[in-house]
Amino acid sequence: MDKGWWKLTLAVMVLLVSTYAEASFSHHMKDFIRAVKQIEDEDPDSDPAAVLKRLRRAAGLNDAFIQYFLPDAETGGSELPANLSEYFSKVLHHRVLEDAKEEGVVLTPDGTTVALGPLLLGIEAGFLSKTRGRARGLYQLTLAKDLGLSLRHGSSGTNRLGPDGCWDSLTSPKVFTLSDEPTLLTTAQVNGGMDGTILGREVSASSNLLKLSSLLNDYYNHQLDSKGMDGAPRLISRRRRENFKALLLPPLLARQVVKSVELQERLAGHPMMEVKTKKQLMAVVKEGLKKFVHVYMDCPPIISRCMWGAAPYIGTPTMLSLPLSYLYIHHTQTPSQPCLTFEQCSADMRSMQRFHQEDRGWDDIGYSFVAGDDGNIYEGRGWLWQGAHTYGHNSEGYGVSFIGDYTTRLPSQNSMRLVRDQLASCAVGGGRLVSSYILQGHRDVVSTSCPGDAFYAEIKGWEHYGK
């Protein structure tokens, strides 16, 4: 066999190996962490900041705004292997295409979608921090820049923020499609910004220099035990909203947003912003942040129908006449055990929907929303469609069920807070309830499958919440 044939064979083999390596990494956080670990293993002595700089170089995240806070990514450090470089370029470079496909995002084990750019920029700022507990440019690199663009240039109304979307596959995700008209700040960008802020602050305050893959693995891949979220550690992605809310000072974030806009103007060669213009911008930002806080702090994480794999609604939904006055509380009895993962809660939702549609002959799952023990609320019929949950009262309120049999015990404190404090606040703040959060005080109205005495006593105590 001549040398030319061997060279051709070798070239084909290299191409196949490279293609396979790229294809083996999906847009799931677990695969992204696996790819990061591969880089770390190839250079065990590299510190996390150096690894982050190499990732930023591969993705082209090196514009003047980023360089103002972080070192130039084009200087120093070896090139990544071609297959990994191409993967990181695709998975880190954020953009929304005309067909509503959002790139530069990954699916996390908790069922939410995260933009990797702001996440990694925030962590890098934290590792490079010279002052313990304070990272230069942290808010500008994670949230302030995108918030500034959205609040300054977005159209008025509720469409300045979001939307979320759905993946083509939950086991090997590749394509993420937004569920509504794209905006200048998607939910994935907000999630990435919050995580980048949380983890950036954490590493800037810690003397323990974790590998990047270890940091991400501990944060996103933590396995809950039988206590569920009640026994979960503080620093995990399921606690994203509560952790960010604990860090958030709206006046501080408003100032950082305005500073971000000023910096972008200066870097673009524009004259200094006039005092009057700056005051007007601050007013717009403060007003927009009220909506931001409501959507991403007051409201719980809600897993959409397409994410848990809902079957289509049978027939034509009956639209609710808003606003509503009541929230009716249930438990599922079957499934009888709390669900602790996104995968299990999604399977339980599909099981309940099949039972309601096929055995009871209903158009859809009966509940408006369902609370899992994994830290999520799951969308049933949602905010707009009338449910089948409380006979004779379906048009008067939302039906919310806890997954599990609570005849003799209470749901977890975390899942009850999700419903009592966050879902209720979300409904009230969104103008969906009349004026307050009310739970009916009669057993035959509270639930069609009545909880046990302990659970009933607990929920009856919510009657005056929010008045």
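Going by the structure above, here's the rest.
Here the structure is a predicted model, which is why all the values come from computation and not from measurement. (Residues numbered from 1 in each chain as written. Predicted model: local features only at pLDDT ≥ 70, side-chain atom pairs only at ≥ 80, totals over all residues. Heavy atoms only, no water.)

A. Seen up close, empty space enclosed by the protein. Taken as a whole and assessed by the stated rule, the structure comprises one cavity of 30 Å³ or more. Roughly 50 Å³ of internal volume is contained in the largest cavity. Taken together, Leu52, Leu55, Arg56, Leu61, Leu92, Leu120, Leu121 and Glu124 form the lining of the largest cavity. Listing elements by their share of the lining of the largest cavity, those giving two or more residues are helix H3 (48-59) and helix H6 (116-127). (1 Å grid on protein atoms, 1.4 Å probe; cavity = no way out; pocket = protein on both sides within 12 Å on 5 of 7 lines; lining within 4 Å. Points joined across faces, edges and corners; volume = space filled by probe spheres on them. Helix = DSSP H or I, 4+ residues; strand = E, 2+ residues; numbered from the N terminus.)

B. Looking closely at the pattern of salt bridges. Taken as a whole and assessed by the stated rule, the structure comprises 19 salt bridges. The partner of Asp31 in a salt bridge is Arg34, and the shortest N-O contact between them spans 3.0 Å. Of this pair, Asp31 and Arg34 both sit in helix H2 (residues 29-42), three residues apart, roughly one helical turn. A relative accessible area of 15% places Asp31 in the buried class. Here Lys245 makes a salt bridge to Asp298, at a shortest N to O gap of 3.7 Å. Residue Lys245 is located in helix H10 (residues 240-247), and its partner Asp298 is located in helix H12 (residues 275-298); the two are separated by 53 residues in the primary sequence. When its relative accessible area of 43% is taken as the criterion, Lys245 is described as partly exposed. The class of Asp298 is partly exposed, set by a relative accessible area of 22%. Linked by salt bridges that have partners in common, Arg57, Glu74 and Glu79 make up one network. (Salt bridge = Lys/Arg side-chain N within 4 Å of Asp/Glu carboxyl O. Buried < 20%, exposed > 50% of the residue type's maximum accessible area, 1.4 Å probe, protein only.)

C. Representation of the sheet that holds strand S8 (residues 326-331) within the structure. Taken in spatial order, the five strands line up as S7-S10-S9-S11-S8 in an open sheet, and their pairing is mixed. Of all the strands in the sheet, the pair left with one neighbour each is strand S7 (302-303) and S8. Examined bridge by bridge, strand S9 (residues 369-371) and strand S11 (residues 397-402) share three bridges and lie parallel to one another. Bridging from a neighbouring strand, Phe369 pairs with Val400 of S11. (Pairing = 2+ DSSP bridges.)

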